[in-house]
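# What the coordinates show
Each chain, written out:
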Amino acid sequence: MSKKHLGYSEEERSKGPYGRFYDPDLKPLSQHVVDALLMGSVAHELIAPVSAAPELHKPGYQTVETGYARAPCGAIRIACLTPMPRVSPHMWDWWFGWHGCEARRYQLWHPHAHVSAQWADGGRDERYIGRTSLIREYLGSELKSAGISFVAPSVMGLDEALLKKQGEIAVCARIGVPGTPAKGGWLLHQLRPVDGGCEMRSRMWLGGENSAMGENPGAVARAISRVMRPLGNRMLPDAHELLVHNAQEMAHLAQFLPELYDAFGPKAAS
C-alpha cells in the first residue's frame, strides 16, 4: 500500500490490522532531552566520530549521551539515550525488519512525521540487514526523503560475538540520497538490556567526513566528494530537529512495542 499523507484515516483506525496501535498523541520529551536541547551544540570532542563506534561496547556511559555537535569538517554528530521499560533488544531487531514492508507500519513509529517506507527491492520479507529502506518523513516542517541501507554491525567495527554474548542488538546503517550513489552519513542504534527492559543509545553522523560517492569510492569519487562536501554541509538537516525527532519516535514506539511484538512478531506468525 502506498501512502502520501500523514496519519491514519478513520477507516484505517477502525478496520485496519494496526489501528488499535495507532496513537496520534505524543508525550512530552523526557527531561534529559529538554536539557540537551536547551544546552545547544556542545564541543565536538564530547561526541565521538563514527570511527569510534566500537567504544559503545564499553560499560557505562559516554560524556554526552544526549546532545549534538558540529565537527570541524562540517559534520553533525547526534547522540540520544532512550530508556525503554518492558522492551527487549530483540523486539527492536524484529521491528526494523517488520516496519519497512508497509507505510502504515512505519506511521505507527512517529504519527506526526512519518509518511511512508518501502524496501528498495520491493520485497516484503521481514529482514533488514543488506537492504535499503526508502523513507519519506518530516524533519521539523520539511518533508525529506532518504535511503537507509542497513549493514551488519561489523561494518561499523562492532564485535558481533560480543553483542550476542551481552544480549545486545546494534542496528547500523548508511544514509544515502535515493536514486544516487551519494552517501551522506551513518546511524547506529545500540540496544542494551537493563533491569526491567532495555535502553537505546542512538548515534548519527552526517555530512563532512561521513559523506562519500558510493560504498567503496575510488580516487576520482573521493576527490569529487571532497569538492562537494562544503555544499553538502550547507544542506544538512538541523541537528536540533534531528535530536527531537529521534527522541520522539523511539520513546513513542517503545510504549506499545511489547504488545505490537506479541500481536505480529515471530510467535504470532508461527
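Before any of the text, the structure's been laid out above.
What comes next is a walk through the structure. What you see as residue numbers is a count from 1 along each chain, following the sequence as written. At least 70 in pLDDT is required for a residue's local features to be given in this predicted model, at least 80 for side-chain atom pairs to be given and counted, and no such filter applies to totals for whole chains, interfaces and linings, which use all residues. As a rule here, side-chain values come from all non-hydrogen atoms in the structure, and water together with hydrogens is ignored.

## As for the overall build of the chain
Strands here mean DSSP runs of E at least two residues long; helices mean DSSP runs of H or I at least four residues long; both are numbered from the N terminus. Counting secondary structure elements, the chain contains nine helices and nine strands. Buried residues in the chain amount to 51% of all 270 residues. A fraction of 62% describes how many contacts in the chain between residues 6 or more apart in sequence connect residues 24 or more apart. The Shrake-Rupley method, run with a 1.4 Å probe, gives the accessible areas here. Residue values count only the displayed protein chains as cover. Accessible surface for the chain amounts to roughly 12900 Å². Of this, 56% is attributable to carbon and sulfur atoms. Relative accessibility under 20% of the residue-type maximum defines a buried residue, over 50% an exposed one, and the middle range a partly exposed one, all with a 1.4 Å probe and only protein chains included. Here a residue-residue contact requires only that any non-hydrogen atoms of the pair lie within 4.5 Å.

## So, the environment of Gly208
Turning to its location among the elements, Gly208 is positioned in the loop between β8 (197-206) and β9 (212-213). Distance from Gly208 to Gly185, taken between C-alpha atoms, is 8.5 Å for residues 23 residues apart in sequence.

## A few points about unusual backbone geometry
Phi is positive for Arg86, close to 75°, though the residue is something other than glycine. Residue position: Arg86 is located in the loop between β2 (76-85) and α3 (89-98). Residue classification places Arg86 among the partly exposed residues on the basis of a relative accessible area of 45%.

## Remarks on the packing of helix α2 (residues 31-39) against helix α7 (residues 239-254)
Axes here mean lines fitted to C-alpha atoms, for a helix over just the part in contact, with angles spanning 0 to 180 degrees between N-to-C directions. Following both chains from N to C, one finds α2 and α7 inclined at 175°, their axes separated by 11 Å at the closest point. One element, α2, and the other, α7, form an angle in the roughly antiparallel class. Within the contact between the two elements, α2 uses Val33, Ala36 and Leu37 and α7 uses His240, Leu243, Val244 and Ala247. When the residues that make up the contact of α2 with α7 are grouped by side-chain class, the tally is six nonpolar, one polar and no charged. Angle categories: roughly parallel below 35 degrees, roughly antiparallel above 145, roughly perpendicular from 65 to 115, and oblique for all the rest. When residues are grouped by polarity, Ala, Val, Leu, Ile, Met, Phe, Trp, Tyr, Cys and Pro land in nonpolar, Asp, Glu, Lys and Arg in charged, and all others, Gly among them, in polar.

## Some words on the nonpolar core
Residues Met84, Trp92, Trp95, Leu257 and Leu260 are the most contacted members of the largest nonpolar core, which totals 53 residues. The greatest single-element share of this core, amounting to eight residues, is contributed by α7. Dropping the residues within four chain positions of it, Met84 is found in contact with Trp92, Leu191, Gly197, Cys198, Glu199, Met200, Met250 and Ala254. Buried Ala, Val, Leu, Ile, Met, Phe, Trp, Tyr and Cys residues that are joined via side-chain atoms within 4.5 Å together make up what is termed a nonpolar core. Judged by nonpolar contacts, the second largest core, of 12 residues, contains Val50, Ala53, Leu56 and Trp205.

## Let's talk about the packing of α3 against helix α8 (residues 257-264)
Between α3 and α8, the shortest axis-to-axis distance is 10 Å and the interhelical angle comes to 65°. When you trace α3 past α8, the crossing you get is left-handed. Residues His90, Met91, Trp92, Trp94, Trp95 and Trp98 of α3 lie in contact with α8, whose contacting residues are Leu257, Pro258, Leu260, Tyr261 and Phe264. Here the contact of α3 with α8 is built from residues that sort into 10 nonpolar, one polar and no charged. A clockwise turn of the near helix away from the far one marks a right-handed crossing, whereas an anticlockwise turn of less than a right angle marks a left-handed crossing.

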